[in-house]
Each structure stands twice: as structure tokens, then as C-alpha cells.
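# Observations on the three-dimensional arrangement
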Protein chains: 2
Amino acid sequence: MRDIDIAEAARLSGVRASTLRFYEEKGLIASHGRRGLRRLFDPAVLDRLALIALGRAAGFSLDEIARMFAPDGRPRIDRRMLAAKAEELERTIRKLNAMRDGLRHAAACPAPSHMECPTFRRLLRAAASGAIGERKARRPPRKSFAATGREQGRARGS
Amino acid sequence: MRDIDIAEAARLSGVRASTLRFYEEKGLIASHGRRGLRRLFDPAVLDRLALIALGRAAGFSLDEIARMFAPDGRPRIDRRMLAAKAEELERTIRKLNAMRDGLRHAAACPAPSHMECPTFRRLLRAAASGAIGERKARRPPRKSFAATGREQGRARGS
DNA sequence: CTGCCAGTTCAAGTCAACTTGAGGTCAAGG
DNA sequence: CCTTGACCTCAAGTTGACTTGAACTGGCAG
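Residues numbered from 1 in each chain as written. Chains lettered and ligands numbered in written order. Predicted model: local features only at pLDDT ≥ 70, side-chain atom pairs only at ≥ 80, totals over all residues. Heavy atoms only, no water.

### Section: the protein's contact with DNA strand D
Close to DNA strand D lie 18 residues; Ala7(A), Arg21(A), Arg39(A), Ser18(B) and Thr19(B) are nearest. Among the atoms of DNA strand D close to the protein, meaning within 4 Å, 87% are from sugar or phosphate groups. Note that a phosphate oxygen of DNA strand D is positioned 3.5 Å from one of the side-chain N or O atoms of Arg56(B). Here the surface near DNA strand D gets four residues from one element, more than from any other, and that element is helix H2 (residues 17–26) of chain B. Looking at side-chain class alone, the surface near DNA strand D contains seven nonpolar, four polar and seven charged residues. (Near = heavy atom within 4 Å. Polar contact = N/O pair within 3.5 Å; in protein donor to acceptor, adjacent residues only side chain to side chain. Helix = DSSP H or I, 4+ residues; strand = E, 2+ residues; numbered from the N terminus. Nonpolar A, V, L, I, M, F, W, Y, C, P; charged D, E, K, R; others polar.)

### Concerning the environment of Leu40(A)
All names here are of chain A. Take Leu 40: it is sitting in strand E3 (residues 38–41). Relative accessible area serves as the criterion here: at 11%, Leu 40 is assigned to the buried category. When the C-alpha positions of Leu 40 and Asp 3 are compared, they lie 5.8 Å apart, and in sequence the two are 37 residues distant. Not counting chain neighbours up to four residues away, the residues in contact with Leu 40 comprise Asp 3, Ile 4, Asp 5, Ser 31, His 32, Gly 33, Arg 34 and Arg 35. (Buried < 20%, exposed > 50% of the residue type's maximum accessible area, 1.4 Å probe, protein only. Contact = heavy atoms within 4.5 Å.)

### As for H2(B)
All names here are of chain B. Those residues of H2 lying buried are Leu 20, Tyr 23 and Glu 24. Down the axis of H2, the buried set is contained in an arc of 100°. They therefore lie on one face. Those residues of H2 hidden inside the fold are in contact with helix H1 (6–13), strand E3 (38–41), helix H3 (45–58) and helix H4 (62–66). Of the residues one or two after H2, Gly 27 is the one with positive phi, at around 85°. (Arc of directions from axis to C-beta.)

### Details of the side chain of Arg100(B)
Relative to the elements of secondary structure, Arg100(B) occurs in helix H5 (residues 79–108). At 3.0 Å, the side chain of Arg100(B) forms a polar contact with the side chain of Asn97(B). A distance of 3.0 Å separates polar atoms of two side chains, one belonging to Arg100(B) and the other to Asp101(B). In contact with Arg100(B), not counting residues within four places along its chain, are Ala86(A), Leu89(A), Glu90(A) and Ile93(A).

### Some points on the protein's contact with DNA strand C
Residues in contact with DNA strand C amount to 19 residues; listed here are only the nearest, Ser18(A), Thr19(A), Tyr23(A), Ala7(B) and Arg39(B). Arg34(B) has a polar side-chain atom sitting 3.1 Å from a phosphate oxygen of DNA strand C. Contacts to DNA strand C include Arg39(B), whose side-chain N or O atom sits 2.7 Å from a phosphate oxygen. Elements represented by at least two residues in the surface near DNA strand C include exactly helix H2 (17–26) of chain A together with H1 and E3 of chain B.

### Concerning helix H5 (residues 79–108) of chain A
Taking 1.5 Å as the rise per residue, H5(A) with 30 residues should run 44 Å; its terminal C-alpha atoms sit 43 Å apart, in good agreement. Two to three positions downstream of the cap, the backbone nitrogen of Arg80(A) sits 2.9 Å from a side-chain oxygen, assigning the N-cap of H5(A) to Asp78(A). (Expected span 1.5 Å × (residues − 1).)

Take it as geometry only, folks, not as evidence of what the structure does.
Right, here's the structure in full:
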């Protein structure tokens, strides 16, 4: 099988068809041709989608990810960029660690009200001063059909 | 000084006036009265704002935070909720750690192309399988005046 | 008394990453 | 041949947390 259609790409990658169209429009992936109306993708698009997922997970925006591909379509990943992102992650991790410890303490704290717990108040000051930094929890996707499974990579093979 | 006006609240908390109005509309904070048109806040609003900042930093949504206040306005923080959030944070941290290590390796990897680096490919598979999970980097606020330092409480005045 | 300017309201805009809806097309199966 | 259903396009909607713009108000310095 040379090319895969959008449904298959969606199934194999766990990425929705609508997202694939969106990515194509954004220039993140390219379809190779059509069969009737249907887009046909080179199976290599799956690697590319994995790369995109990786970038997203690392905190890159789609625009940043788009810039990681050379005009010829091959990945052109700047190592300094990776290192910088690793640093950024490091800082985030440190903050989250502090946060988690504070939350744990607050959860177990014997003080009658959190406002009377010194640890909690320290945390509060840290948050107020911006030391903890910003962070946004990602809402879960509403339909993560193939996402949670352990073996979605080669679903029903054949 | 009994009450503070919105400008002062903004200056002291580092939260923009527009945000304070937004929070009031959402029921997260309450103004105590007016002087002319101007809202007056009880200085305790600053604690409350710190609490809100803390919650945001921990990954709670504004709605979740709103639910952390009893109808009388005093914090009513569920310890189990804190513990659960700490757990969530823990999981996030673990993923980010893996991510960071992968990025570091990729940044230093001697393979000619990232696609030929085993570590990178392993990371890629993890991302594709959803094992790494989703995350969104928060874009920095365009003006974080009171955030980083003590001084510079000078908004864009005049 | 008169401006000024910082405040006010309300609606609408922004941003990112998608999703959804309406209306259309086409290849294959009965 | 005709229906069916999956795909197509394009525009608009969604979500969360705010920000911005337009039009307005009112306390206070001069």
C-alpha cells in the first residue's frame, strides 16, 4: 500500500481527521494527492505527526513546530532550541515541585484554617510575588479514542 | 487607611485593574463600596488575590477557585482536592522530566539527523502514543510589571 | 465653574488549537 | 442507476482568561 487516506492516517496516528486537515492548512503536513475528493498521504506523515505530537508535548506552539521543518519538508531541528526548551522545562519543573510540596503540606496541615498555616501562607506569598509563575492546565480532549490505549500504534494490523 | 481603590489594589497586587473588574464580575472578589464611581476594596482582597494567584499557579481554573470560597467569602478549601491536585502535579512533573531529558539528549546527540538517534525516536514513539501527555506553555503576559521585581509598579501611566 | 483624567459600563476582540455545521461531491455497493 | 456514506470546503463557533474600545461620569485642582 503506497498511500494512506485520511481516515487511515487518523486511525493510525490517533489524530482526528479534522485536525489533519487543519494541520495541512497550516502547512504542518502535506497530502500527496487525491482519490476522488479524498486526500492521500504518504505513510511518512505518521512520523511527522509523531514529531508534531512530541513538539506539542514539549510545549512548542504549532507555529514553532512549523519552523522546525526545512522548506524541503525534512526536519531541521535547532539543537540550541531544544536545549533552551529543556531549560525552560527545568524551570517549570522546579516551580511545580515547589507547588506540589506546598499543596501536599496544605492538604495534611493540622491548622484549623489554611490561612493560619505558615507553610500555606508562605506559598501564598510566593504565588502573589509571581515566583511560582504561570501555568495553564490543558483541558482533556473530549474524545481521546485512540489516545489512552497502550497499543494504538498498530491497532488492527493485517 | 480603611479601603483601597482599584488602582491601589492593582498596584499592590500586581493584578491589572481590568482583571480586578473581571474577577469581581466572576464573583472571585467583591468590592466594598464606591467613592463616586470608583470601587473600594477591603485590603483583605489582597489575600484573596494571592489565593487566586496560588490556585492559578497550581493549575486550577477560575471556576474551580471560585468554588473554593464558602458563600460567606471565607476560603473553604477541600484538603482532598489539594491532595488530588498535588498528585496531578506529580504526574505532570514526571512527564516533564522525561521530556526534558529527551530534549537534552536530542540537543547533544551526535547523530547526523535526529531521525537516526535512538533516544529521539524513543521519545517520538512516546509522544505518538500519548504517553507523554498534553501540556500547553502559557504565553507570557505582555506586561508583567509587578511580577518580577519589587519596584516598577509604574503601569503605562500618562 | 471648568476641565481633566482616572475611573466606569458593556460589548466585542484576542489567542491557540481545534471542532462543528451547512451544503456539496464522488466512488462504490446493491 | 441510484442511494449511501465518507469525505470535501469554507465559515463560524468553542474555551478560558483576559484585554481593548467606545462612550460616559464624577471628584477634585485650578
